[in-house]
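For reference, the chains in residue letters:
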Amino acid sequence: MNIYAQEMKKHAISLVLGHAHISKGTDENGGKKWLVSPAWGLDYNFHINEKWALGLHNDIILEDFSIYGKEEIERNYPFSSCIVGSFKPKEFLTTLIGFGGEFAGEGNYFLCRAGIEFGFGFGKNWECNPSLTYDIKINAYDTWLIGLGVTKLF
């Protein structure tokens, strides 16, 4: 049963465990390699009404890696923070779009994010949220993030 059917809560905070999928990675010999790295996320959403929300979504990739392109890019534990708008077209489905930045010691990138989340209520004011997001790091690389979150609504 979805929590929103009982009473809409204005705030939601989520802890997300996921994996970042990076298609432009390099291996230790400089060859091309698809990378899969563990990631954590911490998201906050403010629900304007039952369909719309604004949020701050943050995640960190828990590895350092290299990306190929015009020049090789080194990334050490990059941290991303995005302002997102969310729309809930169906009871369990949420779509989101936003922008922000990816930050690391080697440099920062502007990013655009799009994604979907599914919310399944359990207990009182709790949800489980499988999610899929796509980040475009401008002039750098793209990342798919597949995650599973636990959300507290209050």
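Each value, and the rule that gives it
- Residues numbered from 1 in each chain as written.
- Predicted model: local features only at pLDDT ≥ 70, side-chain atom pairs only at ≥ 80, totals over all residues.
- Heavy atoms only, no water.
- Helix = DSSP H or I, 4+ residues; strand = E, 2+ residues; numbered from the N terminus.
- Rg over C-alpha atoms; globule rule 2.2 N^0.38 Å.
- Buried < 20%, exposed > 50% of the residue type's maximum accessible area, 1.4 Å probe, protein only.
- Salt bridge = Lys/Arg side-chain N within 4 Å of Asp/Glu carboxyl O.
- Contact = heavy atoms within 4.5 Å.

### Comments concerning the overall build of the protein chain
Looking only at helices and strands, the protein chain features 0 helices and 11 strands. Written out in order from the N terminus, the α and β elements of the protein chain read β-β-β-β-β-β-β-β-β-β-β. Here the C-alpha atoms of the protein chain give a radius of gyration of 16 Å, agreeing with the 15 Å that 2.2 N^0.38 yields for 154 residues. Across its three principal directions, the C-alpha atoms of the protein chain cover 55 × 25 × 25 Å. For the protein chain, the proportion of its 154 residues judged to be buried stands at 43%.

### Quick look at the pattern of salt bridges
What the rule picks out here adds up to 4 salt bridges. Among the salt bridges present, the one from Glu 102 reaches Arg 75, with a minimum N-O distance of 2.8 Å. Linking Glu 102 in strand S7 (residues 93-104) with Arg 75 in strand S5 (residues 73-76), this pair joins segments that are 27 residues apart in sequence. Each member of the pair, Glu 102 together with Arg 75, is buried. Residue Lys 137 is joined to Glu 102 by a salt bridge in which the shortest nitrogen-to-oxygen separation is 3.3 Å. Here Lys 137, found in strand S10 (residues 126-137), pairs with Glu 102, found in strand S7; they are 35 residues apart in sequence, far enough to count as distant. Taken as a pair, Lys 137 and Glu 102 share a single burial class, namely buried.

### With respect to the environment of Ser 80
Within the secondary structure, Ser 80 is located in strand S6 (residues 79-87). With 55 residues separating them along the chain, Ser 80 and Asp 135 place their C-alpha atoms 9.5 Å apart. Ignoring any residue separated from it by four or fewer positions in sequence, one finds Ser 80 in contact with His 57, Asn 58, Asp 59, Gly 101, Glu 102, Leu 111 and Arg 113.

By themselves, these observations are geometric and do not establish any function.
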